[in-house]
Amino acid sequence: MKRIKLISGTAFAIMLLIAVNPAFTQERLVKVDFESGSFVNTPVVPFDQPFIIQGDAGIDIEYVVVHIFNENSKKPIHSFAWNRTADNNTSTFSVVIPGVLKSGSKYDFQITTYKQMSEQQKHILADNLAERITFFLKNNYYFDGKNLNISNPNSVYSDLKTLIDEALIYQISKNSIGYAAPSILVLEELKNQSDFRFKRFLRSRGNFERDSVADQMVNERVKHINDLIMSELHPFISSDLVQHHRTVLVRSVSTDREQFTLPVNIGMYAWDKSMTINNASVHNVNFTPGAGVTIPFSNRSRLASRSRLFDSFGYSIGLLFEPVADADGTEFVTPGVTLPVYTGLGFRLFKVVRFNAGVIILGEKGTEDFSNLSVLPTAGLSLELNIWLGLKK
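Residues numbered from 1 in each chain as written. Predicted model: local features only at pLDDT ≥ 70, side-chain atom pairs only at ≥ 80, totals over all residues. Heavy atoms only, no water.

K.L.:
When you look at the overall build of the chain in this model, what are you seeing that I'm missing?
P.N.:
The helix and strand inventory of the chain stands at 7 helices and 19 strands. For the chain, buried positions account for 39% of its 393 residues. Here the analysis covers contacts within the chain between residues at least 6 apart in sequence; of these, 70% occur between residues at least 24 apart. Here the chain has roughly 22,600 Å² of accessible surface; of this, 55% comes from carbon and sulfur atoms. (Helix = DSSP H or I, 4+ residues; strand = E, 2+ residues; numbered from the N terminus. Buried < 20%, exposed > 50% of the residue type's maximum accessible area, 1.4 Å probe, protein only. Contact = heavy atoms within 4.5 Å. Areas by Shrake-Rupley, 256 points an atom, 1.4 Å probe, with all protein chains shown as cover.)

Rendered as structure tokens:
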């Protein structure tokens, strides 16, 4: 009997391996036409499988970003990129989109291409940004005739961050180097300068001289903060920068509509039926084949976006094909069914294998006493097949 169960378990494992292999199929291809601002032939895109957005943008394009929006929305829900490697001399880009979309929905796709920035362009970018920061800071210092003050440091710091982010919105580092300017160090410098008192320093000078000295001190402090910020931006600006070239917005792209299917599971379930003999617990551990159905939970696309291994959490219920027995040979089934009923929660792996953890509801075989039921923990690994339940129109 043990040998038969071993052979059946091995055969089941082979079935799982055969079933998993077809899950890694080739991605569908969607081509973008930059002249018309559309996808070629207006395709319907997959919702649960990866697909590729491909386009011919020119050999000088170094970077491509695809933002995905819900239809008519302004906030992207997913973003994916293509980064040309040094040995890639083709004019075609391919951005892989994983299976993160929802069935029967519509999305807007924004495809943005980027070109390499020369050293001269990066120098111009840095000079222009430094000038804007200088102008902004000077407008936030004021001299009241006695003291040289700066406006609310926290507000100035926040506005500085916005200024820098907006100035660099069209640049991306191919090296994935970001920036954190202005840092907290800049905020502390702004606060220190705000607390500095100039009244004693300027007391012995005339009005004209005081104005001149105040202007000079403003310039020195603005330069100090500007140099600090630009030093924080230097790693980003000196990296392999690319700059926005063109953008195409493809609107109202539909996804495939999911067929109405019923996930059916066929697999092996582990259990341990113990009994007490002379105050000692005797265990009977075994595996029993079973079959059932699964009711998937919602948000499958969100789960798929977070993991390429696990997806489709759900509630399962089914039957074991044989009774559960203890070490004494006493068989147990679910009363009224004549076979053990299992129920549990689980998740799917590789889109075809389901792992469940739950319980088996048992009563001694031959009795119909529903008041003396017991609950036995179980764990199962099964092959999941979606059976299409087509409805005739």
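K.L.:
When you look at the environment of Gly 314 in this model, what are you seeing that I'm missing?
P.N.:
Tracing the sequence through the fold places Gly 314 in strand S14 (residues 310-320). By relative accessible area, which is 0% here, Gly 314 ends up buried. Distance from Gly 314 to Gly 344, taken between C-alpha atoms, is 8.6 Å for residues 30 residues apart in sequence. Setting aside residues up to four positions removed in sequence, Gly 314 forms contacts with Thr 294, Ile 295, Pro 296, Phe 297, Gly 344, Leu 345, Gly 346 and Arg 354.

K.L.:
Looking at this model, I keep getting lost on the sheet that holds strand S1 (residues 28-33). Mind explaining?
P.N.:
Sheet strands associate in pairs through backbone hydrogen bonding, adopting either a parallel or an antiparallel arrangement. Strand order in the open sheet formed by 4 strands is S2-S1-S3-S6, and the pairing between neighbours is mixed. Two strands close off the open sheet at either side, each with one partner strand: strand S2 (38-39) and strand S6 (92-97). Alignment of strand S3 (residues 51-56) against S6, held across 6 bridges, turns out to be antiparallel. Pairing of Ile 52 across the sheet is with Val 96, part of S6. (Pairing = 2+ DSSP bridges.)

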